[in-house]
Amino acid sequence: MATITTEGVRHVANLARLEFNDEETEHFTEQLARILDYIGKLNELETDDVPPTSHIHPHQIFIMGSQEGAAHVAKPDVVKPSYPREDVLANAPEPEEGYFGVPRVVDRSH
Amino acid sequence: MLYELTAHALHEKLKNREITAVALVESLYAHIDAVEPHVKGYLTLTKDLALEQANRADAGFQKGDEMPPLAGIPIAIKDVICTRGVRTTCGSKILENFVPPYDATVMTKLHEHGVVMVGKTNMDEFAMGSSTENSAYQITHNPWNLDTIPGGSSGGSAAVVSADTAICSLGSDTGGSIRQPAALCGVVGMKPTYGRVSRYGLVAFASSLDQIGPFTKDVTDCALLLNAICGSDAMDATSVDVPVPDFTQSLINDVSGLRIGVPKEYFTPALDTEIADSIHNAIAVLEDLGATVEEISLPHTEYAIATYYIIAPAEASANLARYDGVRYGYRNDNPEDLITMYKKTRSEGFGEEVKRRIMLGTFALSAGYQDAYYKKAQKVRTLIKSDFDAAFEKVDVIATPTSPTPAFRIGERTADPLQMYLSDVMTTPASHAGLPGISVPCGFVESGLPVGLQLLSAPFAEDKVLRVAYTFEQNTEHHRQKPQIQTNGAA
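Predicted model, so just to flag it, every value in this text is computed and none were measured. (Residues numbered from 1 in each chain as written. Chains lettered and ligands numbered in written order. Predicted model: local features only at pLDDT ≥ 70, side-chain atom pairs only at ≥ 80, totals over all residues.)

## Let's talk about the overall build of chain A
Next up, step 1: On a plain count of helices and strands, chain A comes out with three helices and two strands.
Next up, step 2: Order of helices (α) and strands (β) in chain A, N terminus to C terminus: α-α-α-β-β.
Next up, step 3: Residues classed as buried in chain A amount to 14% of the 110 residues present.
Next up, step 4: Sequence-distant contacts, at least 24 apart, represent 30% of the contacts inside chain A between residues at least 6 apart. (Helix = DSSP H or I, 4+ residues; strand = E, 2+ residues; numbered from the N terminus. Buried ≥ 20, exposed ≤ 12 C-beta atoms within 10 Å, placed from the backbone. Contact = placed C-beta atoms within 7 Å.)

Below you can see the structure in the form of structure tokens.
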């Protein structure tokens, strides 16, 4: 298994929408490398013929029906009441006219 | 004192009208005032709500209604479970002001049983940790020795039951977050089979592992709480539609004929020798009571931590993508654009351990690494599960230590994340296999700190775990010991 470099940490941080200063980047690189080194012990095991487990009850239903032999269970397509808009917006940092406000994404002048 | 009693003992008193639920709440809060400044198990106390709920229970008892066993019983809730109208922080700054507009399914069920909510308990941020030191708010102290940690991530829920500042509580267990703190605080803690309890309203950490479960003062209370919270739920597609038995029927003081397996891989040199002695003594007690004990092998045990620290962070990195500052929670004050808002909000709102796990999980799922890490871990998860499947062909219950060491000192492992991760070495294997597991008090080390015995069974065989735990408890006194909380020191 590969290890991780400061470059890699910067790349992963961007994917995860996190940002670190140089000192934090060094710190995380060091710690993640050590953890990944420990995780490398999984390579001691031969697993080519082992199926992966994504869910521990294989008989259990999935919306995606991804597991072998899993039954499809669909819910009836019935509209049910949801939470009142004002209750949901009560937690929003910047509610605006009944919506979630965010910094402008589209420039109106174009 | 009333607050020292179990839920089932209090139910008798409430039913016979010897006490009122309101008097119980007052007694409990007086005790909270005295010891909570030292233990710091709660993030939010809900006394007004508790009194309102207690009044309602009293009205039912006064009318002579048939009241459920948990009616009027004060319970504390881990702050990762959504409580309608009551702040739910997950121990994180990013949810400092989050007030859920809905109740988790377990809360709806508990309210139908007429419980009294005492408050919300402290935890490692987003349930990531083994000591509760990762809370953004405060450090919870182990009631048995205030200089030590209560375990984690449900450290607050374990500590308040141990300190008698709640009669019982709910926690959540992803890799051991109920069982390990229960062991370290000397209380009963149980993770039911994955899928037994609805996760709706449980703030997601690692969805293929997370499960809600109880902390109690004895096994009888554990069965009562399981009766209240188990069952499939249309709001959680991973909750399993299997019949829920009356778990109190499993409270049988007899283990004769039951086969108990002791996996040799759990007794490594890393296991504290006093804990090993305590576990061997507990197993000898069960053997004397008629159980058949045999050594078994779970050969992939040593890979459980490495597997866990891929799967759990990977799932967490996806689950925690929702904290973007748009719909709820903290938002950076003055972002220049949307992407900057995401980055600054998340970097300022999350603590270090959460960031570390998001990074680890994002890396394990990133292009070029997914097969080597995430898929590899899922394959090893299959091997770990197969070990248990084979073992349960031969034995009914597996007995192990819950934690390799007693409670460690505050600050002892915070500098070294890997060392902290290894605290979960005894609990993560069963999590991978989705097994039910309980930790029951089974003794003390010389320094006075409690030791927990972990009992595991095949999926949905909670009855066997409860039966062995109950028999052990009925024939020992460890669970009756109470900590002497040092309230004379600085609060």
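Text resumes after the structure shown.
## Describing the overall build of chain B
Next up, step 1: Of the regular secondary structure elements, chain B holds 15 helices and 11 strands.
Next up, step 2: Relative to the 2.2 N^0.38 estimate, which gives 23 Å for 491 residues, the radius of gyration of chain B is 21 Å and therefore close to what a compact globule would have.
Next up, step 3: In terms of overall dimensions, chain B has C-alpha extents of about 65 × 50 × 50 Å along its principal axes.
Next up, step 4: Per-residue burial for chain B yields a buried fraction of 63% across its 491 residues. (Rg over C-alpha atoms; globule rule 2.2 N^0.38 Å.)

## Topic: unusual backbone geometry
All names here are of chain B.
Next up, step 1: Of the consecutive residues Gly 152 and Ser 153, the connecting peptide bond is found in the cis state with omega at 10 degrees.
Next up, step 2: In this fold, Ser 153 is placed in the loop between β3 (116-121) and α5 (155-162).
Next up, step 3: For Thr 132, which is not glycine, the phi torsion reads 65 degrees and is therefore positive.
Next up, step 4: By the element assignment, Thr 132 lies in the loop between β3 and α5.
Next up, step 5: Thr 132 sits in the buried class, given 33 other C-beta atoms within 10 Å.
Next up, step 6: Look at Asp 164: it is not a glycine, yet its phi comes out positive at around 60 degrees.
Next up, step 7: Judged by C-beta crowding, with 21 C-beta atoms within 10 Å, Asp 164 ranks as buried.

## What about the packing of helix α7 (residues 219-229) of chain B against helix α15 (residues 462-474) of chain B?
Residues and elements named next belong to chain B.
Next up, step 1: Two elements in contact, α7 and α15, have axes whose closest approach is 9 Å; the angle formed by their N-to-C orientations is 155 degrees. One element, α7, and the other, α15, form an angle in the roughly antiparallel class. Residues Val 219, Ala 223 and Leu 226 of α7 pack against Glu 462, Leu 466, Ala 469, Tyr 470 and Glu 473 of α15. (Axes fitted to C-alpha atoms, helices over the stretch in contact; angles between N-to-C directions. Parallel < 35°, antiparallel > 145°, perpendicular 65-115°, else oblique.)

## Describing the interface of chain B and chain A
Next up, step 1: At the interface, 53 residues of chain B touch 44 residues of chain A.
Next up, step 2: Put simply, the parts of the chain that give the side of chain B that touches chain A at least two residues each are α9 (304-319), α10 (338-349), α11 (352-365), α12 (371-394) and α13 (417-421) of chain B.
Next up, step 3: Tallying contributions element by element places α12 of chain B first for the side of chain B that touches chain A, with 11 residues.

## With respect to the packing of helix α2 (residues 22-39) of chain A against α9 of chain B
When two helices pack together, their arrangement is captured by the angle between the axes and the distance separating the axes.
Next up, step 1: Here α2 of chain A crosses α9 of chain B at 125 degrees, and the two axes come no closer than 9 Å. With respect to α9 of chain B, the element α2 of chain A is oriented oblique. Here α2 of chain A contributes Ile 35, Tyr 38 and Ile 39 of chain A to the contact with α9 of chain B, which in turn contributes Ala 306, Tyr 309 and Ile 310 of chain B.
Next up, step 2: Here the residues of the contact of α2 of chain A with α9 of chain B sort into six nonpolar, no polar and no charged. (Nonpolar A, V, L, I, M, F, W, Y, C, P; charged D, E, K, R; others polar.)

## A few points about the sheet that holds strand β1 (residues 42-45) of chain B
Residue and element names in this part refer to chain B.
Next up, step 1: Taken together, 11 strands build an open sheet; the order of strands is β1-β3-β2-β4-β6-β5-β10-β11-β9-β7-β8 and the sheet is mixed. Across the chains shown, the open sheet's two edge strands, defined by having one partner strand only, are β1 and β8 (292-296). Averaged over all adjacent pairs, the angle separating strand axes in this sheet is 30 degrees, with direction ignored.
Next up, step 2: Strand direction decides the pairing type here: strand β5 (residues 188-191) and strand β10 (residues 437-444), joined by three bridges, are antiparallel. Note that in β10 the partner of Lys 191 across the bridge is Gly 437.
Next up, step 3: Contacts from α15 reach β7 (259-263), β9 (397-401), β10 and β11 (450-457) within the one sheet, and its direction differs from that of β11 by about 145 degrees. (Pairing = 2+ DSSP bridges.)

## Quick notes on the nonpolar core
Residue and element names in this part refer to chain B.
Next up, step 1: If you look at the biggest cluster of nonpolar residues, it comprises 163 residues, and the most contacted ones within it are Ile 75 and Val 116.
Next up, step 2: For this core, the element with the most residues is α9, which contributes 10 residues.
Next up, step 3: Ignoring sequence-local partners within four residues, the contact set of Ile 75 consists of Leu 110, Val 115, Val 116, Met 117, Val 118, Ala 166, Ile 167, Cys 168, Ser 169 and Leu 170. (Core = buried A, V, L, I, M, F, W, Y, C linked by C-beta atoms within 7 Å.)

## Remarks on the pairing of β7 of chain B
All names here are of chain B.
Next up, step 1: Sheet analysis places β7 next to β8, joined by five bridges and oriented parallel. Residue pairing for β8: Gly 261 is matched across the bridge by Glu 294.
Next up, step 2: Regarding the hand of the β-α-β motif, the stretch spanning β7, helix α8 (residues 273-288) and β8 is right-handed.
Next up, step 3: Note that β7 and β9 share two bridges and pair parallel. The residue of β9 that forms the bridge with Gly 261 is Ile 398. (Right-handed = clockwise from strand over helix to strand, strands pointing away.)

## Thoughts on the environment of Gly 452 of chain B
Residues and elements named next belong to chain B.
Next up, step 1: Examined against the element boundaries, Gly 452 turns out to sit in strand β11.
Next up, step 2: Once the C-alpha coordinates of Gly 452 and Ala 182 are considered, the two residues, 270 residues apart in sequence, prove to be 7.3 Å apart.
Next up, step 3: In this structure, Gly 452 is in contact with Ala 182, Ala 183, Thr 402, Ser 403, Ser 439, Val 440, Pro 441 and Cys 442, ignoring residues within four places of it in sequence.

## Side note on α11 of chain B
All names here are of chain B.
Next up, step 1: Counted at 1.5 Å a residue, the expected span for α11 with its 14 residues is 20 Å, and the 20 Å between its end C-alpha atoms agrees.
Next up, step 2: Of all the 14 residues making up α11, 11 are buried; the element is thus mostly covered by neighbouring parts of the structure.
Next up, step 3: Among all positions of α11, only Val 354, Lys 355, Arg 356, Arg 357, Ile 358, Met 359, Leu 360, Gly 361, Thr 362, Phe 363 and Ala 364 are buried. (Expected span 1.5 Å × (residues − 1).)

## Notes on the environment of Ala 127 of chain B
Next up, step 1: In this structure, Ala 127 of chain B sits in the loop between β3 and α5.
Next up, step 2: Residue Ala 127 of chain B is classed as buried on the basis of its C-beta count, with 30 C-beta atoms lying within 10 Å.

## Some remarks on the confidence of the model for chain B
Next up, step 1: Looking at chain B as a whole, the pLDDT averages 97, with 99% of positions reaching at least 70.
Next up, step 2: Reported confidences for the modelled complex are a pTM of 0.96 and an ipTM of 0.92. (pLDDT = per-residue confidence, 0-100.)

## Concerning the confidence of the model for chain A
Residues and elements named next belong to chain A.
Next up, step 1: The predicted model of chain A has a mean per-residue pLDDT of 85, with 82% of residues at 70 or higher.
Next up, step 2: By mean pLDDT, the top-scoring element of chain A is helix α1 (residues 6-15) (97), and the lowest-scoring one is helix α3 (residues 85-89) (93).
Next up, step 3: Scored below 50 in pLDDT, residues 61-70 shows 14 contacts in the model against residues more than four places distant or in partner chains.

## A look at the environment of Ser 162 of chain B
Residue and element names in this part refer to chain B.
Next up, step 1: Along the chain, Ser 162 falls in helix α5.
Next up, step 2: Residue Ser 162 is classed as buried on the basis of its 28 C-beta neighbours within 10 Å.
Next up, step 3: Put simply, Ser 162 and Pro 483 are 321 residues apart on the chain and 7.4 Å apart in space, counted from C-alpha to C-alpha.

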